[in-house]
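Single-letter residue listing:
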Amino acid sequence: MISVVARLAAGGYVVREIDPDDRRRAVIRAADAEHPELAGAFAGLGPALGGVIAEYDPAEQAAIVSYLRRAIDILLEQTIRLGSESD
């Protein structure tokens, strides 16, 4: 895992920072720099996903959005929990 992070950092895709609350830990975040090669790779993703959601009526779309938001919240909470357990 460390070698993957090192390669991503070397490529400018992520930034490794010292955790301000615990200097023994590193925080990995997406780099702010633009990567045009990725823009091309993901160019069709938005329109393709837009086409999928357009197949549902507004009530179904609302249910899908609600589910995704709740799932993201749970994933974030669990990620934070797992990170704090590794201390």
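These figures come from a predicted structure and were not determined experimentally. (Residues numbered from 1 in each chain as written. Predicted model: local features only at pLDDT ≥ 70, side-chain atom pairs only at ≥ 80, totals over all residues. Heavy atoms only, no water.)

Moving on, we come to the overall build of the chain. Looking only at helices and strands, one finds 4 helices and 2 strands in the chain. Against the compact-globule benchmark of 12 Å for 87 residues, the chain has a radius of gyration of 18 Å, which places it well outside the compact range. Judged by the C-alpha coordinates and their principal axes, the chain covers about 50 × 35 × 20 Å. For the chain, the share of sequence-separated contacts (at least 6 apart) that also reach a separation of at least 24 residues comes to 12%. By element, 63% of the accessible surface of the chain is carried by carbon and sulfur atoms, the whole surface being about 7300 Å². Charge separation in the chain, taken as the distance between the mean sites of 9 positive and 14 negative side-chain charges, equals 8 Å. (Helix = DSSP H or I, 4+ residues; strand = E, 2+ residues; numbered from the N terminus. Rg over C-alpha atoms; globule rule 2.2 N^0.38 Å. Contact = heavy atoms within 4.5 Å. Areas by Shrake-Rupley, 256 points an atom, 1.4 Å probe, with all protein chains shown as cover. Lys, Arg positive; Asp, Glu negative; His and termini not counted. Charge placed at Lys NZ, Arg CZ, Asp CG, Glu CD.)

We now examine the confidence of the model for the chain. As a general rule, the predicted coordinates of low-pLDDT regions are not to be interpreted in detail. When the pLDDT values of the chain are averaged, the result is 85; 95% of them are 70 or greater. Helix H2 (residues 36-42) is the least confidently modelled element of the chain, averaging 74 in pLDDT, while helix H4 (residues 58-85) averages 91, the highest of any element. (pLDDT = per-residue confidence, 0-100.)

With that settled, consider H4. The end-to-end C-alpha distance of H4, which contains 28 residues, comes to 41 Å, matching closely the 40 Å that a straight helix rising 1.5 Å per residue would cover. Between the side-chain oxygen of the N-cap and the backbone nitrogen of Ala59 there are 2.9 Å, and the N-cap of H4 in question is Asp57. (Expected span 1.5 Å × (residues − 1). Polar contact = N/O pair within 3.5 Å; in protein donor to acceptor, adjacent residues only side chain to side chain.)

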